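Here's the letter readout for the chains.
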Amino acid sequence: MFASVYARDGQLYSASVTSTNPPDHGESVRASRTWWDTEAVEYHDEHGDFLGAHSPDGEFVWCPEGLHEGDWNLLGDVTGRDVLEIGCGSAPCSRWIAGRGARAVAVDLSAGMLRVGAEAASRSTGPAAGVPLIQADAGRLPFATDSFDVAFSAFGAIPFVADTAGVMAEAARVLRPGGRFVFSVNHPMRWIFRDDPGPEGLVAAFPYFDRTPYTEYDEQGDLTYVEHHRTAGDRIRELVGAGFEVKDLIEPEWPEWLDREWGQWSPLRGSIFPGTAIFVAALP
């Protein structure tokens with residue numbers, strides 16, 4: 001799920017002052033589950049075609065820049081391998097790799113997102129129809145240790161989780177020795193810019209090192225949306241702390257063929273600085 005993360009509807013990014021304490025893991029989980037359950041249909045109406053989400057056999061797009069797994073092969077050969085998607089949304093990526101011989105399992109916090117995926121999979125006549133869709137918290141994966149050969153997340157779960165180091169540790173736990181973990185997130189440097197695809201979004205305005213999460217609250221003061229910022233160094237330390245070796249950091253360039261805007265992503269901004277970071281890691 002690619003999200004326009006700092007603000008929406010023309011509002012500028014600012015840390016909410018409704019609460020003096022940053023949301024903890026449980027608060028983040030509750031807010032994200034409700035948010036994506038509510039937004040699932042509208043989100044797919046707007047972005048589903050680009051993601052291949054309505055395709056029975058799926059697609060595997062890593063980011064708004066359109067980087068496709070079929071071209072980059074970041075997961076390696078998945079034939080006959082046990083592969084876990086963390087924060088799958090409607091699971092088009094898992095359906096796609098199932099068609100390439102993977103034994104794919106997809107988890108997401110939102111039942112609403114999973115329902116969209118189940119409807120698409122129900123129209124498949126191939127392996128995609130058999131991909132298990134499991135509602136689960138990325139920080140509390142319901143799998144035994146050493147269950148998978150590969151784990152990945154394409155803009156799913158990680159930005160919305162308070163304890164992202166815990167997610168890395170969980171990914172390491174469920175992977176077998178030598179397992180690969182790949183995930184895409186908003187490029188950390190994007191945190192310093194306004195959420196604007198035009199010229200106003202080219203001006204650095206906020207501290208890169210301020211890790212205060214972006215939050216939204218309703219009139220009753222209940223958290224409705226949260227996204228957590230980590231620097232590039234934070235991400236690397238989280239991975240290394242979980243036992244991974246960092247193999248690559250990919251910063252996709254904006255392709256000439258793509259004229260689509262998606263929230264803060266645009267040809268203008270994409271031609272100047274990256275919008276996505278893809279971390280590739282592996283266990284020894």
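Not measured: the values here are computed from a predicted model.

### Quick look at the pairing of strand S9 (residues 276-282)
Thought 1: Burial analysis of S9 places seven of its seven residues in the buried class, which makes it a mostly covered element.
Thought 2: Across the two faces of S9 the burial is the same, with Thr 276, Ile 278, Val 280 and Ala 282 and Ala 277, Phe 279 and Ala 281 all buried.
Thought 3: Sheet analysis places strand S8 (residues 245-250) next to S9, joined by five bridges and oriented antiparallel. Within S9, the residue paired with Leu 249 across the bridge is Phe 279.

### Concerning the layout of surface pockets
Think of a ball as big as a water molecule: rolled over the atoms, this probe shows where empty space is left.
Thought 1: Here the second largest pocket defines a volume of roughly 160 Å³.
Thought 2: As for the second largest pocket, its lining consists of 11 residues, of which Glu 27, Arg 30, Tyr 217, Asp 222 and Leu 223 are closest to the centre.
Thought 3: No other element matches helix H1 (residues 25-51), which puts three residues into the lining of the second largest pocket.
Thought 4: Taken together, the residues of the lining of the second largest pocket sort by class into five nonpolar, three polar and three charged.

### Some thoughts on the environment of Ala 106
Thought 1: Relative to the helices and strands, Ala 106 is located in strand S2 (residues 103-108).
Thought 2: For Ala 106, a relative accessible area of 0% translates into the label buried.
Thought 3: Through-space distance from the C-alpha of Ala 106 to that of His 47 is 19 Å; in sequence the pair is 59 residues apart.
Thought 4: Excluding its chain neighbours within four sequence positions, the residues that come into contact with Ala 106 are Glu 85, Cys 88, Ala 91, Ser 94, Val 131, Pro 132, Leu 133 and Ile 134.

Thresholds, definitions, all that
Residues numbered from 1 in each chain as written. Predicted model: local features only at pLDDT ≥ 70, side-chain atom pairs only at ≥ 80, totals over all residues. Heavy atoms only, no water. Buried < 20%, exposed > 50% of the residue type's maximum accessible area, 1.4 Å probe, protein only. Helix = DSSP H or I, 4+ residues; strand = E, 2+ residues; numbered from the N terminus. Pairing = 2+ DSSP bridges. 1 Å grid on protein atoms, 1.4 Å probe; cavity = no way out; pocket = protein on both sides within 12 Å on 5 of 7 lines; lining within 4 Å. Points joined across faces, edges and corners; volume = space filled by probe spheres on them. Nonpolar A, V, L, I, M, F, W, Y, C, P; charged D, E, K, R; others polar. Contact = heavy atoms within 4.5 Å.

All we've got here are geometric facts, nothing functional implied.
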